[in-house]
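Here are the chains, one letter per residue:
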Amino acid sequence: MANSVCGGTTANGYVRNAVKLPSKGDNFTSYSKMAELAGRTYVHSQVKNIIVDAYQALQKSHPDKRYKYAETGLENGGKFSPHKTHQNGLSVDFMTPVINEKGQSVHLPTHVFNRFGYDIEFDKQIQV
């Protein structure tokens, strides 16, 4: 497959030959199967390589931690509601790693009832 090409800005741009991020790996996962199927996890090919390499490095340096990525962009870039950016394949939302009440690293809960994690606000009361 050809390398991706992007143009414009994150707020007014496009990407060609974008690639999907992997659904999951040893220490990471996508925020939503529904969003993946809707085509909301595409990035520039170099961005994908950087992210996958970073997760592999984190697996070695922090094998007990779990990570989650969220929205990236559409296969051909362009408008990406509700975001004002994410248009040229260079934007990625990452969810914060969280620790449960047992002290274990777990994936941030992301589902339709918390707007796939975007409506979570942390304070001393939150337990996952």
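Residues numbered from 1 in each chain as written. Predicted model: local features only at pLDDT ≥ 70, side-chain atom pairs only at ≥ 80, totals over all residues. Heavy atoms only, no water.

### Comments concerning the nonpolar core
As a rule of thumb, nonpolar side chains are buried together in soluble globular proteins.
Next up, step 1: Judged by nonpolar contacts, Val19, Leu21, Phe28, Val43, Val47, Ile51, Tyr55, Tyr67, Tyr69 and Val92 together constitute the single largest core of 10 residues.
Next up, step 2: Elements supplying a minimum of two residues to this core: helix 2 (45-61) and strand 6 (67-69).
Next up, step 3: Contact partners of Val43, with chain neighbours within four places excluded, come to Ser4, Ala18, Val19, Leu21, Lys48, Thr72, Gly89, Ser91 and Val92. (Core = buried A, V, L, I, M, F, W, Y, C linked by side-chain atoms within 4.5 Å. Buried < 20%, exposed > 50% of the residue type's maximum accessible area, 1.4 Å probe, protein only. Helix = DSSP H or I, 4+ residues; strand = E, 2+ residues; numbered from the N terminus. Contact = heavy atoms within 4.5 Å.)

### Here we look at the sheet that holds strand 6
Next up, step 1: Taken in spatial order, the 3 strands of this open sheet run 4-6-7, and their pairing is mixed. At either end of the open sheet lies a strand with only one pairing partner, and these are strand 4 (28-30) and strand 7 (94-95).
Next up, step 2: The pairing of strand 4 with strand 6 spans 3 bridges and is classified as parallel. Residue pairing across strands places Ser30 opposite Tyr69, the latter belonging to strand 6.
Next up, step 3: Packing against the sheet, helix 2 makes contact with strand 4, strand 6 and strand 7, and its axis sits at approximately 170 degrees to strand 6. (Pairing = 2+ DSSP bridges. Axes fitted to C-alpha atoms, helices over the stretch in contact; angles between N-to-C directions.)

### Some words on the side chain of Ser32
Next up, step 1: For Ser32, the location among the structural elements is in the loop between strand 4 and helix 1 (33-37).
Next up, step 2: A relative accessible area of 8% means that Ser32 is categorised as buried.
Next up, step 3: Of the polar contacts made by the side chain of Ser32, one reaches the backbone nitrogen of Met34; its length is 3.2 Å. (Polar contact = N/O pair within 3.5 Å; in protein donor to acceptor, adjacent residues only side chain to side chain.)

### Description of the environment of Tyr67
Next up, step 1: Along the chain, Tyr67 falls in strand 6.
Next up, step 2: On the accessibility criterion, Tyr67 (12% relative accessible area) is buried.
Next up, step 3: Separated by 52 residues in the primary sequence, Tyr67 and Val15 place their C-alpha atoms 26 Å from one another.
Next up, step 4: The contacts of Tyr67, once residues within four sequence positions are left out, are Asn27, Phe28, Thr29, Tyr55, Leu58, His62, Pro97 and His107.

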